[in-house]
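Tertiary structure, described
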Amino acid sequence: MKQPFFPFPFEIFSNPRIRRGEPYGEARRKILNLDAGREAVTAISSWPGYGPSPLVELRGLAAELGVRTVLYKDESQRFGLKSFKALGGAYAVARLLRKIVSERLGREVTAVDIATCRFRDITAGVTVTCATDGNHGRSVAWGARTFGCGCVIFVHSLVSPARADAIAALGARVVRTAGNYDDAVRVSSEEASRRGWHLVSDTSFPGYTDVPKDVMQGYSMMLEEEAARWDEGTPTHVFVQAGVGGLAAAVCAYFWERFGDARPRIVTVEPEKAACLLESAKAGGRRTVGGDLGTMMAGLACGEVSLLAWDILETGVDFFTAIPDAAALETMRRLARRCGG
């Protein structure tokens, strides 16, 4: 491969616990699986404004790097949210409301019933909440507005006013907390318990796993949209951004279950100041990254790995990487200038 187009140092760790020859297995299927992913696809396809996001071929960048093809899944316009996490939070809100309405009526309602707000008289009395760096909260707020329930989003001290305002514009009440993202997660959980709200977090922890599964499963839509392409041949490598690890776990799980040992090499990418997956991989178990998590990759400024995500990533990821902000900035500039081709 040719010299990378930006001369920035980055850390890469080859995972000694990778299990490429091991089947995906029933234990992991209880967390994420292709059947549940297809159920998510059916539900999301019924949402107002749904359309597949593009998979862009960056021919110029591929030529510069000396590789055959570079494909970029562009989530920037999904539901108008300008967020790479537009799917997961909203899907979890829809699943939660479907469960609540079904229990209230004593019969099963459908995903379409929720998408069309057929039972708004019930959902209007529900409030969902979460903590966010900006992306997950935007999806939860959009889901709450779209499916007809209340929403309170907690943002920490490092979240920019613009990100907080974007969430508020979706109808959510935004509450700013002290500390970092992980502090906001704890506050949101405590407030949900105290006020009878429903926590829709993208990070799982002991005693809280069902909703994060739905968040992760919602990301299956991105992969199923490209399913026909993978029939023609899988990518050799998949690079996926990682905060608490939910999106990365969804991507890893999809390729592992579908393609087994023939799956692509999975590479997670984190900010160097908030590389909780990388540090966990090096330590051989989940670790928390503390201190200053500030990064311009704000949606990834997370110091604690999601419990369920780690159950998949620990042995499913081939390489864990961390990059400096300067590398992300230069990449953004090049994409904005259409230098990728």
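Residues numbered from 1 in each chain as written. Predicted model: local features only at pLDDT ≥ 70, side-chain atom pairs only at ≥ 80, totals over all residues. Heavy atoms only, no water.

1. Observations regarding the packing of aromatic side chains
Any pair of aromatic rings gets described here by the distance separating the centres and the angle formed by the planes. Put simply, the rule reads: We call Phe, Tyr and Trp rings a pair once their centres come within 6.5 Å, taking the six-membered ring for Trp, and we label the pair stacked below 30 degrees between planes, edge-to-face above 60, and tilted otherwise. Partly exposed describes any residue whose relative accessible area lies between the buried limit of under 20% and the exposed limit of over 50%, with all areas from a 1.4 Å probe on protein chains only and scaled to the type maximum.
Scanning all chains against the criterion turns up eleven aromatic pairs. A ring pair is formed by Phe 205 and Tyr 208, whose centres lie 5.0 Å apart and whose planes are at 20°; its orientation type is stacked. We classify Tyr 208 as buried; its relative accessible area is 13%. An aromatic cluster is defined as three or more aromatic residues linked by ring pairs; in this entry it consists of Trp 47, Phe 79, Trp 142 and Phe 147.

2. Comments concerning the nonpolar core
It is characteristic of soluble globular proteins that their nonpolar side chains tend to be buried jointly. Rules: Joining through side-chain atoms within 4.5 Å is the link that ties buried Ala, Val, Leu, Ile, Met, Phe, Trp, Tyr and Cys residues into a set, and such a set is a nonpolar core. Helix and strand definitions here come from DSSP, where helices need a minimum of 4 consecutive H or I residues and strands a minimum of 2 consecutive E residues; each element is numbered from the N-terminal end. Whether two residues are in contact is decided by their heavy atoms: any pair within 4.5 Å suffices.
Core analysis: the largest hydrophobic core is formed by 101 residues, its most contacted members being Leu 32, Trp 47, Val 128, Phe 147, Phe 255 and Leu 313. Element by element, the count of residues in this core is highest for helix α13 (residues 246-259), at eleven residues. Among all residues touching Leu 313, those that are not within four sequence positions of it are Asn 15, Gly 245, Ala 248, Ala 249, Cys 252, Leu 277 and Phe 320. With six residues, the next largest nonpolar core counts Ala 131, Tyr 181, Ala 184 and Cys 302 among its residues.

3. Looking at the environment of Ser 157
Filter applied, for reference: Within 3.5 Å is the distance limit for a polar contact, defined as a pair of N or O atoms, with the added protein rule that one can donate a hydrogen and the other accept it, and that residues adjacent in sequence qualify only through two side-chain atoms.
Assignment of secondary structure puts Ser 157 in the loop between β5 (150-155) and α8 (161-168). Classification of Ser 157 as partly exposed rests on a relative accessible area of 42%. With 19 residues separating them along the chain, Ser 157 and Arg 176 place their C-alpha atoms 6.6 Å apart. Engagement of the side chain of Ser 157 in a polar contact is seen with the backbone oxygen of Gly 179, the distance being 2.7 Å.

4. As for a nonpolar patch on the surface
Worth spelling out the cut-off: Patch membership is restricted to residues that have no salt bridge and whose relative accessible area is over 30%. Joining uses 9 Å for like charges and 5 Å for the nonpolar side chains Val, Leu, Ile, Met, Phe, Trp and Tyr. With residues, only the protein chains shown are counted as cover, and all accessible areas are computed by Shrake-Rupley using a 1.4 Å probe. Salt-bridge detection follows one rule: a side-chain nitrogen of Lys or Arg within 4 Å of a carboxyl oxygen of Asp or Glu.
The grouping of Met 296, Leu 329 and Met 332 at the surface amounts to a nonpolar patch, some 240 Å² of accessible area in total. Looking at the secondary structure, you find Leu 329 in helix α16 (residues 325-336). Taking relative accessible area as the criterion, Leu 329 reaches 33% and is therefore assigned partly exposed.

5. Concerning the pattern of salt bridges
Under the criterion given, the structure shown has 28 salt bridges. Taking the shortest distance from any N to any O, the salt bridge between Arg 78 and Glu 75 comes out at 2.9 Å. This pair shows no difference in class: Arg 78 is buried, exactly as Glu 75 is. When salt bridges with common partners are traced through the structure, they connect Glu 26, Arg 29, Asp 35, Arg 38 and Glu 257 into a single cluster.

6. Here's the deal with the side chain of Thr 295
Position of Thr 295 among the secondary structure elements: in the loop between α14 (276-283) and α15 (307-316). Here the side chain of Thr 295 touches Asp 325 through a polar contact of 2.6 Å, side chain to side chain. When near neighbours in sequence (up to four residues on either side) are disregarded, Thr 295 contacts Pro 271, Ala 301 and Asp 325.

7. Some remarks on the sheet that holds strand β9 (residues 265-271)
Here is the rule we go by: Two strands qualify as a pair provided DSSP detects at least 2 bridges between them. Between N-to-C directions, angles span 0 to 180 degrees; the directions come from axes that are lines fitted to C-alpha atoms, helices contributing only their stretch in contact.
Ordered by their spatial adjacency, four strands build an open sheet running β1-β10-β9-β8, and the pairing between neighbours is mixed. The sheet terminates laterally at β1 (11-14) and β8 (237-241), the two strands that pair on one side only. In this sheet, adjacent strand axes meet at a mean angle of 20° when their direction is disregarded. Bridge count between β1 and strand β10 (residues 319-323): four bridges; the pairing is antiparallel. Looking across to β10, one finds that Glu 11 is bridged to Ala 322.

8. A closer look at the packing of helix α4 (residues 88-105) against helix α10 (residues 210-218)
The test is simple: Angle categories: roughly parallel below 35 degrees, roughly antiparallel above 145, roughly perpendicular from 65 to 115, and oblique for all the rest. Throughout, a crossing is termed right-handed when the near helix is turned clockwise from the far one, and left-handed when it is turned anticlockwise from it by less than a right angle. For this classification, the nonpolar set comprises Ala, Val, Leu, Ile, Met, Phe, Trp, Tyr, Cys and Pro, the charged set comprises Asp, Glu, Lys and Arg, and every other residue, Gly included, is treated as polar.
Two elements in contact, α4 and α10, have axes whose closest approach is 7 Å; the angle formed by their N-to-C orientations is 130°. It follows from the interaxial angle that α4 and α10 lie oblique. In the crossing of α4 with α10, the sense of the turn from one axis to the other is right-handed. Every residue of α10 that contacts α4 at Gly 88, Gly 89, Tyr 91, Ala 92 and Arg 95 is listed here: Val 211, Asp 214, Val 215, Gln 217 and Gly 218. Tallied by class, the residues present in the contact of α4 with α10 amount to four nonpolar, four polar and two charged.

These figures come from the coordinates and say nothing about function on their own.
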